[in-house]
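# Residue-level structural notes
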Amino acid sequence: PYIYFITPTHFRAAQKADLTRLSYTLSHVPNLHWIVVEDSDKLTSSVAEILKSSRLPYTHLNARTPKDQKMKYTDPNWTLPRGVEQRNSALLWIRNQLAGVRSGVVYFGDDDNTYDLKVFGEMRKVQKAGVWPVGIVGGMFVETPILAKNDQGRSIIDFNAVWKRERPFPIDMAAFAVNITLILQNPNAMFSFDVPRGYQESTFLEKVGIHRYNMEPLAEKCSKVYVWHTRTEKSKLSKDLIEKLTKKTGFNQLEA
Ligand code: UGA
Ligand code: MN
């Protein structure tokens, strides 16, 4: 099955660096379609160039986060949900362009995470919704479903999450992938600004009709970490500062 890898992305000093690294990972993966959605008013040429150089099949979209939902540069990153508008725009594209498709898997991959190539093999095993451990997230070294001991690792009995473990799905966006048919059959499954912090994953998974204990545990019975929720250190170079430096030096750094 084809993998549809949805990546929201927004401008910051490390955007090109993060996307370049991600493109080099994804370029090793056969049968992967990269859907990149920029949080901007229009498509930018710097992202377009990265997509083109990747030689992957891709779709380049933009969807700007509404002003009242956008964080200030100095806000801590968790004050508002990120990627909502962008992931919805990718889902809409899938529903419009891939309406008749019967096979494929959809994954939401942040531009700054780290992906072992093995995670893509796991995704291709997904029947309805697959789940696996994620490294360095939610205050844990490994956040993971917990499986029953004596049934060949088929059933999930709990989750080891400590952060908001009362959530219907106490997992990160990077922890799951769903069959494209669930996306197509459930057009109301969208992300929303109107859910409590940490509930994006749960809201979406509930809307595609999945139950937490019916997810398919992957990555060697959830014993392996194939994706890490890494975060790139935030630079002091805000867009304003980069523009100021450009004016001051006469060298357009944004075009480099
Ligand atoms: C964590 C999860 O890993 C995300 O999948 C989830 O969207 C986020 O929490 C959340 O709760 O909203 P985290 O690493 O804290 O993510 O967030 P970022 O990596 O800063 O953002 C997630 C994605 O959205 C990234 O690909 C980023 O480029 C994009 N983003 C971020 C935008 O498109 N616009 C923004 O203003 C900020
Ligand atoms: Mn991230």
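This text gives an overview of the structure that appears in the document. (Residues numbered from 1 in each chain as written. Chains lettered and ligands numbered in written order. Predicted model: local features only at pLDDT ≥ 70, side-chain atom pairs only at ≥ 80, totals over all residues. Heavy atoms only, no water.)

## What about unusual backbone geometry?
Trans is the common state for peptide bonds, and a negative phi is the common state for residues other than glycine. In this structure, Asn31 is a non-glycine residue whose phi angle is positive, near 50 degrees. Structurally, Asn31 can be placed in the loop between α1 (15-26) and β2 (32-38). Owing to a relative accessible area of 45%, Asn31 belongs among the partly exposed residues under this scheme. Despite not being glycine, Cys222 has its phi angle at roughly 60 degrees, a positive value. Inspection of the secondary structure puts Cys222 in helix α7 (residues 219-222). (Helix = DSSP H or I, 4+ residues; strand = E, 2+ residues; numbered from the N terminus. Buried < 20%, exposed > 50% of the residue type's maximum accessible area, 1.4 Å probe, protein only.)

## Overview of the site of ligand 1
Taken together, 19 residues form the shell around ligand 1, and within it Pro8, Asp39, Asn77, Arg82 and His229 come nearest. Take Lys70: an N or O atom from its side chain is 2.9 Å from an oxygen atom of ligand 1. Within the side chain of Arg82, an N or O atom sits 2.5 Å from an oxygen atom of ligand 1. Starting from 680 Å² of accessible surface for ligand 1 in isolation, the protein chains cover 90%. When residues of the shell around ligand 1 are traced back to their parent elements, those giving at least two are β1 (3-9) and α3 (84-97). Per-class residue counts for the shell around ligand 1 are three nonpolar, six polar and ten charged. (Near = heavy atom within 4 Å. Polar contact = N/O pair within 3.5 Å; in protein donor to acceptor, adjacent residues only side chain to side chain. Areas by Shrake-Rupley, 256 points an atom, 1.4 Å probe, with all protein chains shown as cover. Nonpolar A, V, L, I, M, F, W, Y, C, P; charged D, E, K, R; others polar.)

## Description of helix α2 (residues 45-54)
Among the residues making up α2, those that are buried are Val47, Ile50, Leu51 and Ser54. End-on, the buried residues of α2 take up no more than an arc of 95 degrees, which puts them together on one face. Residues of α2 that are exposed and angled more than 90 degrees away from the buried face: Ser45, Glu49, Lys52 and Ser53. For α2, the elements touching its buried residues are α1, β2 and β3 (58-62). Arg55 sits one or two residues past α2 and shows a positive phi near 60 degrees. (Arc of directions from axis to C-beta. Contact = heavy atoms within 4.5 Å.)

## Some remarks on the coordination of the manganese ion (ligand 2)
Metal coordination angles have textbook ideals: 109.5 degrees for a tetrahedral set of four donors and 90 or 180 degrees for an octahedral set of six. The manganese ion (ligand 2) binds to the protein through Asp112 (OD) and Asp112 (OD); the donor distances cover 2.4 to 2.5 Å. Mapped onto the fold, Asp112 is located in the loop between β4 (105-108) and β5 (114-115). (Donors = N, O, S within 2.8 Å, 3.2 Å for Na, K, Ca; no water.)

## Brief notes about the sheet that holds strand β6 (residues 129-131)
Sheet strands line up and pair through hydrogen bonds in the backbone, either parallel or antiparallel. Reading across from one edge, β3-β2-β1-β4-β11-β6-β12 is the order of the seven strands in this open sheet, with mixed pairing throughout. Strand pairing shows two members of the sheet lacking a second neighbour, β3 and β12 (216-217), which therefore form its edges. Bridge analysis of β1 against β2 gives seven bridges, and the strand direction is parallel. When the sheet's bridge partners are listed, Thr9 is paired in β2 with Glu38. Contacting β1, β2, β3 and β4, α3 runs over the sheet at an angle of about 135 degrees to β2. (Pairing = 2+ DSSP bridges. Axes fitted to C-alpha atoms, helices over the stretch in contact; angles between N-to-C directions.)

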